[in-house]
Structure formats: structure tokens, C-alpha cells
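Summary of structural features
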Amino acid sequence: MTGEDTLTPRHLGRGLWAHPLGVNTGSIGMTDERELGNPSNDGRLLDGLRRAVEFGANLLDTADSYGAGRAERILQRVLREYRNERLIVSSKVGRIRGSAPHAYADRNIHRQFQQTRDNLYVDEVDIYTLDSWDFGPQDRYLGGAIDQVRTLQQLGDIKAIGMRGPYIHYGATPAERNACAERFLYLFRLIKPDVIWTRFNALTPVISLEGEDLFGFTARHNVGVILAAPLAHGLLTGKTLPSAMPRLGPLDAATSTRALAPQALDAIATGLHTLRDHFGDAPGVLTRLALRSCLQKADHGAAVVGFTREEQITENFRCLGPPLASTELALVDEVYAQIRTGIEESTEGQGASRARV
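I will try to describe carefully the structure that is included in this document. (Residues numbered from 1 in each chain as written. Predicted model: local features only at pLDDT ≥ 70, side-chain atom pairs only at ≥ 80, totals over all residues. Heavy atoms only, no water.)

1. Some thoughts on the overall build of the protein chain
- Scanning the protein chain from N- to C-terminus turns up 10 helices and 12 strands.
- Partitioning the intrachain contacts of the protein chain with sequence separation of at least 6 by distance along the chain shows that 79% fall at a separation of at least 24.
- When the accessible surface of the protein chain is totalled, it reaches about 16100 Å², and 49% of it is carbon and sulfur. (Helix = DSSP H or I, 4+ residues; strand = E, 2+ residues; numbered from the N terminus. Contact = heavy atoms within 4.5 Å. Areas by Shrake-Rupley, 256 points an atom, 1.4 Å probe, with all protein chains shown as cover.)

2. Comments concerning the environment of Asp 118
- By secondary structure assignment, the location of Asp 118 is in helix H3 (residues 108–120).
- Separated by 45 residues in the primary sequence, Asp 118 and Arg 73 have C-alpha atoms spaced 8.6 Å apart.

3. Side note on unusual backbone geometry
- Phi is positive for Lys 192, close to 55°, though the residue is something other than glycine.
- By the element assignment, Lys 192 lies in the loop between helix H5 (174–191) and strand S8 (195–199).
- The class for Lys 192 is exposed, based on a relative accessible area of 55%.
- Backbone geometry places Ala 229, a non-glycine residue, at a positive phi of 55°.
- Within the secondary structure layout, Ala 229 lies in the loop between strand S9 (224–228) and strand S10 (251–252). (Buried < 20%, exposed > 50% of the residue type's maximum accessible area, 1.4 Å probe, protein only.)

4. Regarding the pairing of S8
- Of all 5 residues in S8, 4 are buried; the element is thus mostly enclosed.
- Pairing of strand S7 (residues 158–164) with S8 involves 3 bridges; the strand directions are parallel. Paired with Gly 162 across the two strands is Val 195, which belongs to S8.
- The pairing of S8 with S9 spans 5 bridges and is parallel. (Pairing = 2+ DSSP bridges.)

5. Considering the pairing of S9
- Counting buried positions over the 5 residues of S9 gives 5, a clear majority of the element.
- The two faces of S9 match: Gly 224, Ile 226 and Ala 228 on one face and Val 225 and Leu 227 on the other face are all buried.
- Crossover handedness for the path S8 to helix H6 (residues 214–220) to S9: right-handed.
- In this structure, S9 lies alongside strand S12 (residues 301–305), joined through 4 bridges in parallel fashion. When the bridges of S12 are listed, Leu 227 appears paired with Ala 303. (Right-handed = clockwise from strand over helix to strand, strands pointing away.)

6. Some remarks on H3
- Across its 13 residues, H3 extends 18 Å between first and last C-alpha, which sits within 8% of the 18 Å expected from 1.5 Å per residue.
- Residues of H3 that are buried include every one of Asn 108, Ile 109, His 110, Gln 112, Phe 113, Thr 116, Arg 117, Asn 119 and Leu 120, and no others.
- On its buried face, H3 is in contact with helix H2 (70–81), strand S5 (88–93), strand S6 (125–130), helix H4 (142–154) and S7.
- At the C-terminal side of H3, Tyr 121 shows a positive phi close to 55°. (Expected span 1.5 Å × (residues − 1).)

7. Some words on the packing of aromatic side chains
- Taken as a whole and assessed by the stated rule, the structure comprises 8 aromatic pairs.
- Both rings, one in Phe 55 and one in Phe 317, keep their centres 5.5 Å apart while their planes meet at 5°; by these two values the pair is stacked. Of this pair, Phe 55 sits in the loop between helix H1 (39–54) and strand S4 (59–61) while Phe 317 sits in helix H9 (residues 310–318); the two residues are 262 residues apart in sequence, bridging distant segments of the chain.
- Here Phe 55 falls in the partly exposed class, since its relative accessible area comes to 25%.
- Assessed through its relative accessible area of 9%, Phe 317 is described here as buried.
- Both rings, one in Phe 184 and one in Phe 217, keep their centres 6.0 Å apart while their planes meet at 65°; by these two values the pair is edge-to-face. Of this pair, Phe 184 sits in helix H5 while Phe 217 sits in helix H6; the two residues are 33 residues apart in sequence, bridging distant segments of the chain.
- Note on Phe 184: relative accessible area 0%, which makes it buried.
- Connected via pairs of aromatic rings, a cluster forms that spans Trp 133, Phe 184, Phe 188 and Phe 217. (Phe/Tyr/Trp six-rings, centres within 6.5 Å; stacked < 30°, edge-to-face > 60°.)

8. Some details on the side chain of Asn 119
- By secondary structure assignment, the location of Asn 119 is in helix H3.
- Discounting residues that sit within four places of it in the chain, Asn 119 has contacts with Gly 69, Glu 72, Arg 73 and Gln 76.

9. Regarding H9
- Residues of H9 that are buried include every one of Ile 313, Thr 314, Asn 316 and Phe 317, and no others. The arc enclosing the buried residues of H9, seen along the axis, measures out at 165°, which places them on a common side. More than 90 degrees from the buried face of H9, the exposed residues found are Glu 311 and Arg 318. (Arc of directions from axis to C-beta.)

10. Let's talk about the side chain of Asp 139
- Position of Asp 139 among the secondary structure elements: in the loop between S6 and H4.
- Judged by its relative accessible area of 18%, Asp 139 is buried.
- A polar atom in the side chain of Asp 139 sits 2.7 Å from the side chain of Arg 183.
- The contact partners of Asp 139, leaving out residues within four places of it in the chain, are Arg 183 and Tyr 186. (Polar contact = N/O pair within 3.5 Å; in protein donor to acceptor, adjacent residues only side chain to side chain.)

And the structure:
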């Protein structure tokens, strides 16, 4: 793909053509409770969404769990303002249980879908994703969940069925990766999704799926891919986000947190320094490399970027530039691979230290 214009629309399946770079509204779900319903805060989020659409983005990714429906309600305003644009709405279910015994129990998906449709004020949701692999004890609710989304698709309420992809924390052990792959493949064969939604970036551990990476596997099965967190919560831009750090690393049993070791952060810093030495230190260069690395993986995938300010949207879209040449992409991939190795080695060191203690 290095010789192509990688900003041409990508086919995600079911007749859905998306601009390669879209937006994710997950940051709305992480907003401080004091900001919920704050008109000025909503205004900043709306401005960011509007800016993305003006840059050509047509894939708008949300979920019923983002701000307990608040993200969907904010997105509704953008959908109304740009009703003549061919916008693709992607939402998710599987995190909110409500009064049901489980998020996937009985007809809870139908109830949550109706609320999502009301929040968005749409007749049809383009992509509706099963957002969790937790289907209850012994997958008690798995069959029912599959039946519910297939019924919604047959009724024309959703176009494409989505499924969460095989993501695992940075520094995962080989055994953890294999377990993740086996679980994904088991669910994939049963759900038969049209689209895979997954967190993915240059630091994501490589998971083999029947001898292929995620992109080869999905291409062979004619399944589209939506890549979330392509900037690794700011780590790949050189802008670390301390508030996000606990979610990134392996689980520390003593503290019940997920934090990257200092050695892992050093590996990231060293790798980014190498990229700056080669590509320069102009504003947005690291962001461009991280986004291009994802966008040039396959032509059946799109990436969605999160944001809290309109300025972030502007930087993400303006920095893309032309595709990376094959030699440039090879160098970027090599540096990212070295960073992943450094993270893995630091994780092994953490495990050895805990064992000695």
C-alpha cells in the first residue's frame, strides 16, 4: 500500500466506505463527573467532531457506555447538522447491564439498541459491535447475544455486526497472547462478524491468528477492521498521559494496577528519539508516523482517533501527508519492533523481581 493514496475510502463491508481516519468519542466516557452536562465542555467536543467531518472524516465511533449514553447524545447533534453527509455511525453494546442479570442477558441488547437509536436519533446504526468477550459463566448468554444482533441485522436496524478484536496489554507473555488468540478465534467462528473493532497501535503485542496477523486474517475472511487508540494514548506522540498509564501495562498483583515499568518508558523514549533523528522534529511528525504505520497496514481498515480538544483533531488530520515510502515504513516498523521488545523485556524483569521478593 505504500505507493497508493491511502486517504481514499476504505471498504469495511456491507457497502460501508469510510475515510481512513475517523474519530472515537471514548474520551467523553472518561470525562470528570463534574464536567458531565457542562455546556462549555460539550461545546468543545462538538467543535472537535465538526472539525473532523470538515476534514473528511465520515466514521464516527461511539458506544452506549461512553458517558452512559452522553457521547451518543452529543453525536446526535452532529448527525443532524451534517445530515446530507454520508456519515457512518459505529456504536457498541455489552458494557451496560442495567437491571438485567448480564449485559447480554435475555433481550437486553434489544433494549440497549433502542436507547442507542433514540440517543442518536437515527433509524439505522451502521455498525453495532459486541463490545465484550464476557458472555457470562460458561458463555451462557453467547447464543442469545448472537441471535439478538442477527435479528437486528435481518430487520434492517443495523447494517454490519461488529466484534471486539484480539487486543492484550503491552508486554503480555506468550501464554497470554495464545489464550487471547484462542478465545478470539472461538468467538469469531460463532459470531461471524462483518467488522472487527480493536485497540491497535505500534506497541500492541503481535498476536498470531491461524498463522497470520490480524490484517491477513481479516482480509482472508473479508472482514473490515476499525483500529482504535492508534497513538497509544499519546505515548507514540511523545506526549505521555499519566492518567492513562495504569491501563497500559501488565497487571501488578500487589497493587491491582496496570502500569508500564520505567524501563518500558525508557524503551519508548529511545525509539521515539531514533525516529526524530531520522524524520526530524517538526510538530506532528511522530503523530504522522504512528497514524501512517496503522493506515498502511491494509486497505480494508480504518483508524479512529480520540480527542478532548479541537486542536488535536486538526493536528491528526493535517499531519498525515503522503504515504510513507516502503523504506521509510520499514524503518518505522523496525523501531517500533525494538520498542515492543524493550517493553517485553521490562515485563519479564518485573516478573523476576516480584518472584525474588
